[in-house]
Amino acid sequence: MSFTYEALPMRVVFGAGSLAQVPQEAERLGLRRLLVLSTPTRRGLAERIAALLGDACVGRFTDARMHVPADIAAAAVKTARETRADGCLAVGGGSTIGLGKAIALETGLPVISVPTTYAGSEMTPVWGLTENGRKRTGRDRAVLPRSVVYDPELTLRLPVGASVTSGFNAIAHAVEALYAPDISPIVSLMAEEGVRSLAAALPAVVKDPHDLPARTEALRGAWLCGACLGATTMSLHHKLCHILGGTFDLPHAETHTVLLPYVAAFNLPAAPEADQALRRALATTDVSLHLARTSVGLGAPRSLAEIGLAEEHVDEIVGQAVGQPYANPRPVTAEAVRSLLTDALHGTLAPGS
Ligand code: NAD
């Protein structure tokens, strides 16, 4: 065995009610002038955090949007400069945390993040910015949040549909980490346990979205899966989701959820250890079928067609997907990607097909 593992400098505070610890986290980092970030719909929560911070909050920017449009990032940087902020506090999902990262990239300001979905961006040094319909991404240690406060109580009102698809978005990070070229023993453990947690918690969340123990288990799984994303190189699945979101504007978490079983069906036969780990975590002998049936059973969309992809787009995606070489357990040929996408377009693995 040989591997390389680099731990990311990251402090995590986890537990129901831990939102109350945000002021201490700011103090630990020596931050006294925080700009609080949120999406428009989460303005109320931003206000709550601003009140908690008191004098340590110098402003709010509540216009975060999906995929971090460059003009929104520029406006947020302007607000950070005008308010002489010494850090940002991003409360919300990947869109808000992404905005915090964009500010950090431009200004070097540290970010505290309070995640309220299962997307996992808070655990990664990956940033994204969208301009003229193209999303650029990169890795930079400067954008990695310095402190992450996970409070499951903040996820109680995440709608059931979004909870399921966001949960499968997290599972996708773990699946690709398990066959990543830079997998290491610690990541294997986190990935298997993250999938196990989410697979156990999501049905309970669907049954009762206010089930705090289930929400806690789901968020714990999301943390582990996010840490896998931050520690490894993603492959075909994330590449395809990036194209589907960036070029065809398909919704992020839903796209991950629908596509994952098809990429798993393609890749896992060439990644036996990943397959074994996922079989254990999901208690199944057929990982891809299990992923498809479970997600659809929990109310997720079953096909890419259902979330807006048209058959005539397939060639363009195939072209982009095979255009640049990247790590993947199986060779990414045009025929393979076309076949996989066509299956996902029609939802062939899901019940009712
Ligand atoms: P999101 O942040 O866009 O949130 C979706 C919607 O749900 C928003 O309107 C938000 O206000 C609302 N919401 C969030 N939490 C809620 C809660 N607890 N209760 C009620 N409503 C809530 O969605 P997302 O899936 O978390 O993030 C997707 C974005 O994150 C994409 O742009 C994706 O590319 C990015 N992302 C980046 C990374 C990375 O490492 N850089 C990782 C994962 C995702």
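Residues numbered from 1 in each chain as written. Predicted model: local features only at pLDDT ≥ 70, side-chain atom pairs only at ≥ 80, totals over all residues. Heavy atoms only, no water.

Chemist: Help me understand the layout of surface pockets, please; the structure alone is not making it clear to me.
Modeler: Vacant regions in the atomic arrangement are exposed by a probe of water-molecule size rolled over the atoms. What the second largest pocket holds in volume is close to 320 Å³. For the second largest pocket, the lining is made up of 16 residues, of which L178, I183, S188, E273 and A274 are closest to its centre. Of all the secondary structure elements, the ones that give two or more residues to the lining of the second largest pocket are α6 (185-207) and α10 (272-282). Residues that form the lining of the second largest pocket fall into these classes: 9 nonpolar, 4 polar and 3 charged. (1 Å grid on protein atoms, 1.4 Å probe; cavity = no way out; pocket = protein on both sides within 12 Å on 5 of 7 lines; lining within 4 Å. Points joined across faces, edges and corners; volume = space filled by probe spheres on them. Helix = DSSP H or I, 4+ residues; strand = E, 2+ residues; numbered from the N terminus. Nonpolar A, V, L, I, M, F, W, Y, C, P; charged D, E, K, R; others polar.)

Chemist: Sorry, what's going on with the sheet that holds strand β8 (residues 147-150) here?
Modeler: As a general point, the strands of a sheet are linked pairwise by backbone hydrogen bonds and lie either parallel or antiparallel. One open sheet accounts for 6 strands, arranged β1-β8-β5-β4-β2-β3; its pairing is parallel. This sheet does not close on itself; its edge strands, each paired only once, are β1 (11-14) and β3 (57-61). In this sheet, neighbouring strand axes are inclined to one another by 20° on average, regardless of whether the strands run parallel or antiparallel. Contacts from helix α7 (residues 212-231) reach β1 and β8 within the one sheet, and its direction differs from that of β1 by about 170°. (Pairing = 2+ DSSP bridges. Axes fitted to C-alpha atoms, helices over the stretch in contact; angles between N-to-C directions. Contact = heavy atoms within 4.5 Å.)

Chemist: I keep staring at the site of the ligand and nothing clicks. Help me out?
Modeler: Inspection of the region around the ligand gives 23 residues, with T39, S95, T116, T117 and T124 positioned closest. Note that a nitrogen atom of the ligand is positioned 2.6 Å from one of the side-chain N or O atoms of T116. The side chain of T124 places a nitrogen or oxygen atom 2.6 Å from an oxygen atom of the ligand. In the shell around the ligand, the residues fall into 7 nonpolar, 12 polar and 4 charged. (Near = heavy atom within 4 Å. Polar contact = N/O pair within 3.5 Å; in protein donor to acceptor, adjacent residues only side chain to side chain.)

Chemist: Mind showing me how you'd approach unusual backbone geometry here?
Modeler: For residues besides glycine, phi is generally negative; the peptide bonds are generally trans as well. Positive phi is not limited to glycine here, since H67 has a value of about 65°. Assignment of secondary structure puts H67 in the loop between β3 and α3 (70-82). Exposure remark for H67: the relative accessible area of 16% places this residue in the buried category. For A283, which is not glycine, the phi torsion reads 50° and is therefore positive. As for its position among the elements, A283 is in the loop between α10 and α11 (287-297). Residue A283 is classed as exposed on the basis of its relative accessible area of 70%. (Buried < 20%, exposed > 50% of the residue type's maximum accessible area, 1.4 Å probe, protein only.)

Chemist: Help me out: how do you make sense of the domain arrangement of the protein in this one?
Modeler: How big an interface is tends to be reported as the loss of accessible area on association of its parts. Under the domain assignment used here, the protein contains domain 1 (11-155) and domain 2 (160-346). A straight line from the C-alpha centre of domain 1 to that of domain 2 covers 25 Å. Contact residues are listed per partner, giving 21 residues for domain 1 and 23 residues for domain 2. Buried area between domain 1 and domain 2, summed over both chains or domains, comes out near 1900 Å², and the portion from carbon and sulfur atoms is 65%. On the surface where domain 1 and domain 2 come into contact, there are 0 salt bridges. Our enumeration of links across domain 1 and domain 2 arrives at 5 residue pairs in polar contact (both at pLDDT 80 or more). (Domains from an automatic or database assignment. Buried area = accessible area lost by both parts, 1.4 Å probe. Salt bridge = Lys/Arg side-chain N within 4 Å of Asp/Glu carboxyl O.)

Chemist: What is the right way to read α7 from this model?
Modeler: Think of an α-helix as turning once every 3.6 residues; residues three or four places apart then point the same way. Given a rise of 1.5 Å per residue, 20 residues ought to cover 28 Å, and the 29 Å separating the end C-alpha atoms of α7 matches this to within 8%. Structurally, the start of α7 carries an N-cap: the backbone nitrogen of A214 is 3.1 Å from a side-chain oxygen of D211. (Expected span 1.5 Å × (residues − 1).)

Chemist: Would you mind going over the nonpolar core with me for this structure?
Modeler: Residues L240, L259 and L304 are the most contacted members of the largest nonpolar core, which totals 71 residues. Counting residues per element, this core draws most heavily on helix α5 (residues 160-178), which supplies 9 residues. When residues of this core are assigned to domains, at least three fall in each of domain 1 (11-155) and domain 2 (160-346). Once residues within four sequence positions are removed from consideration, L304 is found in contact with L244, L250, V258, L259, L309, L341, A344 and L345. A64, V68, I103 and V111 belong to the second largest nonpolar core, which has 23 residues in total. (Core = buried A, V, L, I, M, F, W, Y, C linked by side-chain atoms within 4.5 Å.)

Chemist: Would you mind showing me how to read empty space enclosed by the protein here?
Modeler: Within the structure shown, the criterion is met by 1 cavity of 30 Å³ or more. Here the largest cavity is characterised by a volume of approximately 30 Å³. Surrounding the largest cavity, T257, V258, P261, Y262, A292, S295, V296, P301, R302 and A350 form its lining. Elements supplying a minimum of two residues to the lining of the largest cavity: α9 (252-267) and α11. With 4 residues, α9 is the single largest residue contributor to the lining of the largest cavity. Across the lining of the largest cavity, the residue classes break down as 7 nonpolar, 2 polar and 1 charged.

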